[in-house]
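# Chains, contacts and geometry: an overview
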Amino acid sequence: MVAETVVTLEKITALCKRRGFIFQTADIYNGLNGVYDSGPLGTLMKENIRQAWKQSLRALPYDILFVDGAILGNEAMWRASGHIENFHDPLVECKACNARFRTDDVDLNKACTRCGKKDWSESREFHMMFKTQLGASVEQASAAYLRPETAQSIFVNFKNIISSSRVKIPFGVAQIGKAFRNEITPKQFLFRMREFEQMEMEFFCKHEDAQNLFEFWRTERLNFFSHIGITPEKLRLRAHEQTELSHYSSATSDVEYEFPFGWKELEGIAHRGNYDLSQHSKFSGKELAVFDDATKSSYVPDVVECSVGVDRLFLTLLFDAYSEEQLEKETRTVLRLHPRIAPVKAALLPLVDSLGEPFRQLARELRMQGIEVQFDSSGSIGKRYRRQDEIGTPFCFTYDYQSAEDQSVTVRHRDSMQQERIAFDQIQNYIKQALLA
Ligand code: GAP
């Protein structure tokens, strides 16, 4: 019998630590608030997420170029982008215990959740960029900032990209990399972090095409998430109210997911107009326009941006895949991840260690092809299945005494727990077919 699963943040956090997906950074020194490390399985799964994202862009009928910008940026760049002036969140402080909160996270008519007193400060703006100093100088000219979004290195390289790559409007420039925000209250595990990773794509186009392309990307991005296995009913698009728009945006829609703590942003899709290129052109004094052969005139392209956090998507995938099933004698925890996202594609389980050699060799072959498998020859087969269920491995192959005689193996499916017998030499194909689906 399959009972309804109540998935909580606590269960996901515990699973992540227990199985080596995510660790609190510097755990043995009590961690650092809002900063996490990826463990062995988390590292594999994040790489799968990045690959799926890149693949989704490559499948489209547009040129998308990939870049990898620096994390540190100078003051001039962040002033031009508007971040130095505008990148802040409203903050209130409890005057009794000095705890600080995002104003939109607290009800100012109620007492402080930390100390129980009701004595709030005025709300003020708190700047969220991390500032640092290059070299030994303390002068303002050596100030640098950790990027709060990856997008700006795409805009400031626009001229370099078009002059070196022979691309024509419309085209996209995509980037995966770390971003940093001094969030007032990091929370919900990987949902709101201070150090996180973004996957951003800036799509440059003519102004008259921007609205249609904005619609196009809204649909594409929503489809992407169901394509990698997220339950479509738990996804929706929500257009921002005028008052919610970021300083650069003329229209934004969020792809939202229904988390246990409510519908929340998973990805932002923004019509940035030509705000960024115009600002950088104005502040740098460099021409950032393109020439239109049809009209024989120059123009600054508009941009439609798609921006999603690797970590937030990772958390979403775990929430969506997690389930607990009440079996006759035990509860089975299973991550129903899409095979392309699952960190381990298959477990190779010889019934006893002395039957292990054919699977040891197969494991090496599969890993050489970039297919991550686990070889595990100890413990009861039931316990080995449960362990693989919990980390989302789609298939477990078992090599038993019959295998040695007729070159067949058992394949056991994670979701249905059904088993069938296939030929040993079909294993590779079996896994590859699932990865193509
Ligand atoms: N360049 C546009 C931009 O950065 P954003 O809505 O601030 O827009 C885009 O961020 C995405 O980055 C979000 O949808 C979310 O997935 C992720 N993200 C933003 N802040 C985050 C944080 N503090 N922790 C984890 N992910 C975050």
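For the structure, check the block above.
So, here's what we can say about the structure. As the structure is a computational prediction, the values presented were derived from the model and not from experiment.

### With respect to the environment of Pro301
Tracing the backbone shows Pro301 in the loop between strand 16 (297-299) and strand 17 (302-309). Judged by its relative accessible area of 0%, Pro301 falls in the buried class. Spatially, the C-alpha atoms of Pro301 and Glu208 are 9.9 Å apart, while their sequence positions differ by 93 residues.

### Comments concerning the nonpolar core
Ranked by internal contacts, the top residues of the largest apolar core, which has 60 residues, are Trp217 and Leu313. Tallying contributions element by element places helix 9 (residues 310-321) first for this core, with eight residues. For Leu313, the residues in contact, after removing those within four places along its chain, are Ile49, Met199, Phe224, Phe225, Ile228, Ile230, Leu266 and Val308. Membership of the second largest hydrophobic core comes to 20 residues, among which are Leu366, Ile371, Phe397 and Leu435.

### Things to note about the side chain of Ser323
By the secondary structure assignment, Ser323 is in strand 18 (residues 322-326). Separated by 3.5 Å, the side chains of Ser323 and Arg336 make a polar contact.

### Structural notes on the site of the ligand
Neighbouring residues of the ligand: 21 residues in total, closest Glu149, Arg181, Met193, Glu200 and Glu265. At 2.5 Å, a side-chain N or O of Glu200 approaches a nitrogen atom of the ligand. Note that an oxygen atom of the ligand is positioned 2.9 Å from one of the backbone N or O atoms of Gly309. Alone, the ligand offers 560 Å² of accessible surface; in the complex the protein occludes 91% of this. Looking at the shell around the ligand, the elements with two or more residues in it are strand 11 (195-205), strand 14 (262-273) and strand 17.

### Digging into the pattern of salt bridges
Throughout the structure, instances matching the rule amount to 36 salt bridges. Ionic pairing is found between Glu47 and Arg50, a salt bridge with its closest N-O pair at 2.6 Å. One end of the pair, Glu47, and the other, Arg50, are both in helix 2 (residues 40-58), three residues apart, so they sit about a helical turn from each other. Arg50 gets classed as buried once you look at its relative accessible area, which sits at 18%. Counted as one network, the salt bridges with shared partners bring together Glu325, Glu330, Arg332, Arg336, Arg386, Asp389, Arg412, Arg414 and Asp415.

The rules behind these values
- Residues numbered from 1 in each chain as written.
- Predicted model: local features only at pLDDT ≥ 70, side-chain atom pairs only at ≥ 80, totals over all residues.
- Heavy atoms only, no water.
- Helix = DSSP H or I, 4+ residues; strand = E, 2+ residues; numbered from the N terminus.
- Buried < 20%, exposed > 50% of the residue type's maximum accessible area, 1.4 Å probe, protein only.
- Core = buried A, V, L, I, M, F, W, Y, C linked by side-chain atoms within 4.5 Å.
- Contact = heavy atoms within 4.5 Å.
- Polar contact = N/O pair within 3.5 Å; in protein donor to acceptor, adjacent residues only side chain to side chain.
- Near = heavy atom within 4 Å.
- Areas by Shrake-Rupley, 256 points an atom, 1.4 Å probe, with all protein chains shown as cover.
- Salt bridge = Lys/Arg side-chain N within 4 Å of Asp/Glu carboxyl O.

These values are about where atoms sit, not about what they do.
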